[in-house]
Amino acid sequence: MSMVEDQIEARGIESSSVLAAMAAVPRHRFVQDDWQGSAYRDHPLPIGYGQTISQPYIVALMTEALDVAPGDRVLEIGTGSGYQAAVLAEMGLEVYTIEIIPELAARAEATLRALGYAVKAGTSDGYFGWLEEAPFDGIIVTAAPDHLPQPLLGQLAPGGVMVIPVGPIGAVQTLWRFSVADDGAVLAESLGAVAFVPFTRAEE
Ligand code: SAH
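Residues numbered from 1 in each chain as written. Predicted model: local features only at pLDDT ≥ 70, side-chain atom pairs only at ≥ 80, totals over all residues. Heavy atoms only, no water.

J.: Provide a residue-level description of helix H4 (residues 83–90), including the pertinent values.
T.: Counted residue by residue, H4 has seven buried out of eight residues, so it is predominantly covered. When we look at burial in H4, the residues that qualify are Tyr-83, Gln-84, Ala-85, Ala-86, Val-87, Leu-88 and Ala-89. Residue Gly-92 follows H4 closely and has a positive phi angle near 85°. (Buried < 20%, exposed > 50% of the residue type's maximum accessible area, 1.4 Å probe, protein only. Helix = DSSP H or I, 4+ residues; strand = E, 2+ residues; numbered from the N terminus.)

J.: Hey, could you go over the pairing of strand S8 (residues 173–180) for me, with residue numbers and the actual values?
T.: A regular strand carries its side chains on alternate faces of the sheet. With respect to burial, S8 is a largely interior element, six of its eight residues being buried. Note that strand S7 (residues 156–166) and S8 share six bridges and pair antiparallel. Following the sheet pairing, Ile-164 is matched in S8 by Trp-176. The pairing of S8 with strand S9 (residues 186–194) spans seven bridges and is classified as antiparallel. Within S9, the residue paired with Val-180 across the bridge is Val-186. What sits between the antiparallel neighbours S8 and S9 is a turn of five residues, in which Gly-184 has the positive phi angle 95°. (Pairing = 2+ DSSP bridges.)

J.: Which residues make up helix H2 (residues 16–24), and what values go with them?
T.: Working note: α-helix, 3.6 residues per turn, so residues spaced by three or four point in the same direction. Buried within H2 are the following residues: Val-18, Leu-19, Ala-21 and Met-22. One side of H2 carries all its buried residues, which in axial view fall inside an arc of 165°. In the core, the buried residues of H2 are packed alongside helix H1 (3–8), helix H3 (56–66) and H4. (Arc of directions from axis to C-beta. Contact = heavy atoms within 4.5 Å.)

J.: Got a sec to walk through the layout of surface pockets? Specific residues and values, please.
T.: Estimated volume of the largest pocket: approximately 560 Å³. Together, 35 residues line the largest pocket, and Thr-52, Gly-78, Thr-142, Ala-143 and Val-197 are the ones closest to its centre. The set of elements that each furnish at least two residues to the lining of the largest pocket consists of strand S2 (51–53), H3, strand S3 (73–77), H4 and strand S4 (94–99). By residue number, the principal contributor to the lining of the largest pocket is S2, which donates three residues. For the lining of the largest pocket, the per-class residue count stands at 18 nonpolar, 14 polar and three charged. (1 Å grid on protein atoms, 1.4 Å probe; cavity = no way out; pocket = protein on both sides within 12 Å on 5 of 7 lines; lining within 4 Å. Points joined across faces, edges and corners; volume = space filled by probe spheres on them. Nonpolar A, V, L, I, M, F, W, Y, C, P; charged D, E, K, R; others polar.)

J.: Explain the site of the ligand to me, and be specific about the residues and the numbers.
T.: Near the ligand there are 26 residues, and of these Glu-76, Ser-81, Glu-99, Gly-126 and Thr-200 occur at the shortest range. At 2.9 Å from a nitrogen atom of the ligand is found a side-chain nitrogen or oxygen belonging to Asp-125. Contact distances for the ligand include 2.6 Å between a nitrogen atom and a backbone N or O atom of Thr-200. When the ligand is considered free in solution it has 570 Å² of accessible area, and contact with the protein chains removes 99% of it. A majority-of-atoms criterion places the ligand in the largest pocket. Residue assignment for the shell around the ligand shows that the elements contributing at least two residues are S2, S3, H4 and S4. Residue composition of the shell around the ligand, by class: 11 nonpolar, 12 polar and three charged. (Near = heavy atom within 4 Å. Polar contact = N/O pair within 3.5 Å; in protein donor to acceptor, adjacent residues only side chain to side chain. Areas by Shrake-Rupley, 256 points an atom, 1.4 Å probe, with all protein chains shown as cover. Sits in = over half its atoms within 2 Å of the grid points.)

Listed below in structure tokens is the structure:
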């Protein structure tokens, strides 16, 4: 298995903590039986309910961009399979994750528990973040909304970073990195073009 060397290091990801975490997390445990043989390949895979586990390189790129250190508090929106949450937990972060589809949330929680990852998981519309647990040093959004959810920006600590794909449904999106300076100023940087599943909203 050379996923980390061939797909991730070769494309310029340098963070030793990201590379070590992705070498350690058993990605095949987060994909369904039919896809076991493809678990470490260079593309996203279906996880049911029309959703996907992201391509390994994109997980690495987003995780490195978060620029977090062990003990930091990180919120993920879009638990999906639980793989991204496991990578964050493997890095020694305090991980909170929210999923809108209850069946996926339940399956991810069971997988994470079976592997011994202590992740706090919730089932709700992640548009509103997790106010009771805010602020966070990092927020990572793994589904694409058509605009930046303001409640999430408001839950970043000073010095915090949010990594999020934003763009119209059905089109290519831009992966953004928003960082909040200590004086509250927000800096936005584009990390390139990506293709994520849509960020959905709870029915009122
Ligand atoms: N990070 C995941 C990939 C998830 S795919 C992994 O490692 O496997 C994106 C996920 O975001 C899907 O499971 C989808 O149901 C979820 N999602 C979409 N809109 C959401 C919302 N408003 N709140 C929370 N989760 C959402």
